[in-house]
Amino acid sequence: MPGPAVGGGAEGRARRAGRAAGRALRRPFTGVARRLRRVTHAHGAGESGLAKLIELHAVNSAGDMMITVALASTVFFSVPTNEARGRVALYLAVTMAPFALLAPVVGPLLDRVPHGRRAAMAGAMLARALLALTMSGAVAGGGLQLYPAALGVLVASKAYGVVRSAVVPRLLPPRISLVKANSRVTLAGLVATGVAAPAGAGLHLLGPAWPLYGAFVVFVAGTCLSLSLPHKVDSARGEARARLASGDAGAGGGRPVKAGLRTVGPSVLHGLQANAALRALSGFLTFFLAFLLRAQPLGGLGAAASLGLVAVAAGTGNALGTAVGAWLKARGPEPIVAAVLGLALGVTVLAAVFYGVMAVVVVTAVAAAAGLCQALAKLSLDAMIQRDVPEGVRTSAFARSETALQLAWVVGGAIGISLPLIGVVGMVVAAGLVAVGAALAGRGLLGAGRRGGSAAPRVA
């Protein structure tokens, strides 16, 4: 009898030790999860449902990053510069294809089914999950089905982004401004991207298709999360079938006109002009610096190291801009856009003046400033659309604004690949792009900021 008792006691101690070890191993992860949950649920976001949208966007960004890792290539560095320019020009043309569908097709279609927003986001997630599986069979061998599938992923990703931006006001807690809410959602996406990038790289070591398998799992989870969003995302309460009215119609009681970017009020129009200038600056710097630093690396660094330094600076600026937006107290979006437009103009002018003296500092500063300014300006533009555009056409407005901004990015990139590789010339052109935006939008934004923003347009 004593023998079994001793054995049972030893077995019990082993089980207790195993449970203790398991708790010790889980504690760091559960602690991080609890802290993240407190952040996403803060200031009423948990009660309003915004926290679930934040978590959904994190899942979306992680899946997109895994697909990006799977499709990443170093072909750019293995071909002559002239041939690379042709490939980049083709890439710029292809990137417009999803937006060619968004503005005239996807936006109005989603406006016609306003009570299916959860289903629309879930459909965008599920489509990318299935397309990731399709690409997994072609990514290793470079099959032809890889390209239409990748294009389909872009379309689904942009469609998700348009719907996500349109539903934020329905989940907005009373104590959070639209700029801050947009910043929280975007910041969660950036954090998830930073986690998913090394995870995707690790999966890539197992084989080129493994990041796509990971993306499939992530997007399936995103499909379930989309359907678990609060029902008020699809609620018809307080919603009307609406069209924007022109300023003249509002004054004289005339017939409403078809919705368009010029009928949404001065704040949105000037915000879009400023964002287009900053997006053109981003596209220009992306491609001009890619070719310039390939031919003229910074400070004795290699081409890859120089580009890596600039990419880190731009990414840091983008993350900082998003974080600043999340920390800002209640501020009108118009002054924020005007301020970042002025900052971008000042930095690019200084870069043009001092490029020949301190190229390394100038290039990294311009990249960081462009990332910061673009992030804050886009968050503020989203807030203007969410505030000023009637819900019945809000999705179309987001689709059109995204299309306009992507076109500006493509135009900036096209200018970047066509210029001679002279650093000072590039910085002068960068300053010119921002100056055009400041001339078009600066005065209007400052005026709207003094008036406290524009009123929502009249709804028919």
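Residues numbered from 1 in each chain as written. Predicted model: local features only at pLDDT ≥ 70, side-chain atom pairs only at ≥ 80, totals over all residues. Heavy atoms only, no water.

**Examining the overall build of the protein chain**
The helix and strand tally for the protein chain stands at 16 helices and 0 strands. The buried share of the protein chain, reckoned over its 460 residues, is 50%. Sequence separation of at least 24 residues holds for 85% of the intrachain contacts in the protein chain that already meet a minimum separation of 6. If you sum the accessible surface of the protein chain, you get close to 20,900 Å²; carbon and sulfur atoms cover 68% of it. (Helix = DSSP H or I, 4+ residues; strand = E, 2+ residues; numbered from the N terminus. Buried < 20%, exposed > 50% of the residue type's maximum accessible area, 1.4 Å probe, protein only. Contact = heavy atoms within 4.5 Å. Areas by Shrake-Rupley, 256 points an atom, 1.4 Å probe, with all protein chains shown as cover.)

**Things to note about the environment of Val-347**
Assignment of secondary structure puts Val-347 in helix α13 (residues 333–354). For the pair formed by Val-347 and Ala-368, sequence separation is 21 residues and the distance between their alpha carbons is 10.0 Å. Beyond its immediate stretch of four places on either side in the chain, Val-347 contacts Ala-365, Val-366 and Ala-369.

**Notes on the packing of aromatic side chains**
Enumeration according to the criterion identifies 3 aromatic pairs in this entry. Centre to centre, the rings of Trp-210 and Tyr-213 are 5.4 Å apart; their planes meet at 85 degrees, and the pair counts as edge-to-face. Here the residue Trp-210 and the residue Tyr-213 both occupy positions in helix α9 (residues 210–227), the gap between them amounting to 3 residues, near one helical turn. (Phe/Tyr/Trp six-rings, centres within 6.5 Å; stacked < 30°, edge-to-face > 60°.)

**Brief notes about a nonpolar patch on the surface**
Judged by side-chain polarity, Leu-301, Leu-309, Val-349, Leu-350, Val-353, Phe-354, Val-357, Met-358, Val-360 and Val-361 come together as a nonpolar surface patch covering roughly 830 Å² of accessible area. Contributing elements (two or more residues each) for the nonpolar patch: α13 and α14 (359–388). Among the elements that line the nonpolar patch, the one with the most residues is α13, at 4 residues. Examined against the element boundaries, Leu-350 turns out to sit in helix α13. (Patch = residues over 30% accessible without salt bridge, like charges linked within 9 Å, V, L, I, M, F, W, Y side chains within 5 Å. Salt bridge = Lys/Arg side-chain N within 4 Å of Asp/Glu carboxyl O.)

**Regarding the side chain of Asp-382**
Among the secondary structure elements, Asp-382 is positioned in helix α14. Ignoring anything within four residues of it in the chain, the contact list for Asp-382 reads Ser-165, Asn-182 and Phe-398.

**Re the environment of Ala-70**
Take Ala-70: it is sitting in helix α3 (residues 50–71). Judged by its relative accessible area of 6%, Ala-70 falls in the buried class. Setting aside chain neighbours within four positions, we find Ala-70 in contact with Val-139, Pro-208, Pro-211 and Leu-212.

**Details of the pattern of salt bridges**
Under the definition given, this model contains 5 salt bridges. In this structure, the salt-bridge partner of Lys-378 is Asp-382, at a minimum N-O distance of 2.7 Å. Taken as a pair, Lys-378 and Asp-382 lie in helix α14 at a separation of 4 residues, close to a single helical turn. Under the relative-accessibility criterion, Lys-378 is labelled buried at 13%. A salt bridge links Arg-387 to Asp-388, with the nearest nitrogen and oxygen atoms 2.7 Å apart.

**Some details on α3**
The end-to-end C-alpha distance of α3 is 32 Å, a good match for the 32 Å that 22 residues give at a rise of 1.5 Å each. Most of α3 sits inside the fold, with 18 of its 22 residues counted as buried. (Expected span 1.5 Å × (residues − 1).)

**Re helix α11 (residues 266–295)**
With 30 residues, α11 should reach 44 Å at 1.5 Å per residue; the first-to-last C-alpha distance of 43 Å fits that figure. Of all the 30 residues making up α11, 24 are buried; the element is thus mostly covered by neighbouring parts of the structure.

**Thoughts on the nonpolar core**
By size, the foremost hydrophobic cluster in this structure holds 97 residues, and its most contacted members are Leu-50, Leu-53, Ile-67, Leu-285, Leu-289 and Met-427. Here this core gets 13 residues from one element, more than from any other, and that element is α14. The contact partners of Leu-53, leaving out residues within four places of it in the chain, are Arg-164, Val-167, Val-168, Leu-171 and Leu-229. One finds Met-96, Phe-291, Val-410 and Ile-417 within the second-largest nonpolar core, a separate group that totals 6 residues. (Core = buried A, V, L, I, M, F, W, Y, C linked by side-chain atoms within 4.5 Å.)

**Considerations on the environment of Ala-397**
The topology assignment puts Ala-397 in helix α15 (residues 394–418). Sequence separation between Ala-397 and Asp-382 is 15 residues; the distance between their C-alpha atoms is 10.0 Å.

**Some points on the packing of α14 against α15**
What describes two packed helices is the angle between their axes and the distance between those same axes. Between α14 and α15, whose axes approach to 10 Å, the crossing angle comes to 150 degrees. Our classification of the angle between α14 and α15 gives roughly antiparallel. Judged by the twist between their axes, the crossing of α14 over α15 is right-handed. Where α14 approaches α15, its residues Lys-378, Leu-381, Asp-382, Ile-385 and Gln-386 are matched on the opposing element by Arg-394, Ala-397, Phe-398, Ser-401, Glu-402 and Leu-405. Here the contact of α14 with α15 is built from residues that sort into 5 nonpolar, 2 polar and 4 charged. (Axes fitted to C-alpha atoms, helices over the stretch in contact; angles between N-to-C directions. Parallel < 35°, antiparallel > 145°, perpendicular 65-115°, else oblique. Left-handed = near helix turned anticlockwise from the far one by under 90°. Nonpolar A, V, L, I, M, F, W, Y, C, P; charged D, E, K, R; others polar.)

**Digging into the confidence of the model for the protein chain**
With 69% of its residues at a pLDDT of 70 or more, the protein chain shows a mean pLDDT of 76. The secondary-structure element of the protein chain with the lowest mean pLDDT is helix α10 (residues 247–252), recorded at 40, while α9 shows the highest, at 92. Between residues 238–257, whose pLDDT stays under 50, and residues either more than four places distant or in other chains, the model counts 45 contacts. pLDDT under 50 marks residues 454–460. Its contacts with residues more than four places away, or in other chains, come to 26 contacts. (pLDDT = per-residue confidence, 0-100.)

**With respect to the packing of α11 against helix α12 (residues 303–327)**
Two numbers describe how α11 lies on α12: the axes approach to 8 Å, and their chain directions differ by 145 degrees. Here α11 and α12 pass one another in a crossing that is right-handed. Mapping the contact onto sequence places Leu-289, Ala-290, Leu-293 and Arg-294 in α11 and Ala-303, Ser-306, Leu-307 and Val-310 in α12. Here the residues of the contact of α11 with α12 sort into 6 nonpolar, 1 polar and 1 charged.

**Section: the side chain of Ser-136**
As for its placement among the helices and strands, Ser-136 is situated in helix α6 (residues 117–136). Look past the residues within four positions of Ser-136 in its chain and what remains in contact with it is Ala-209, Leu-212 and Tyr-213.

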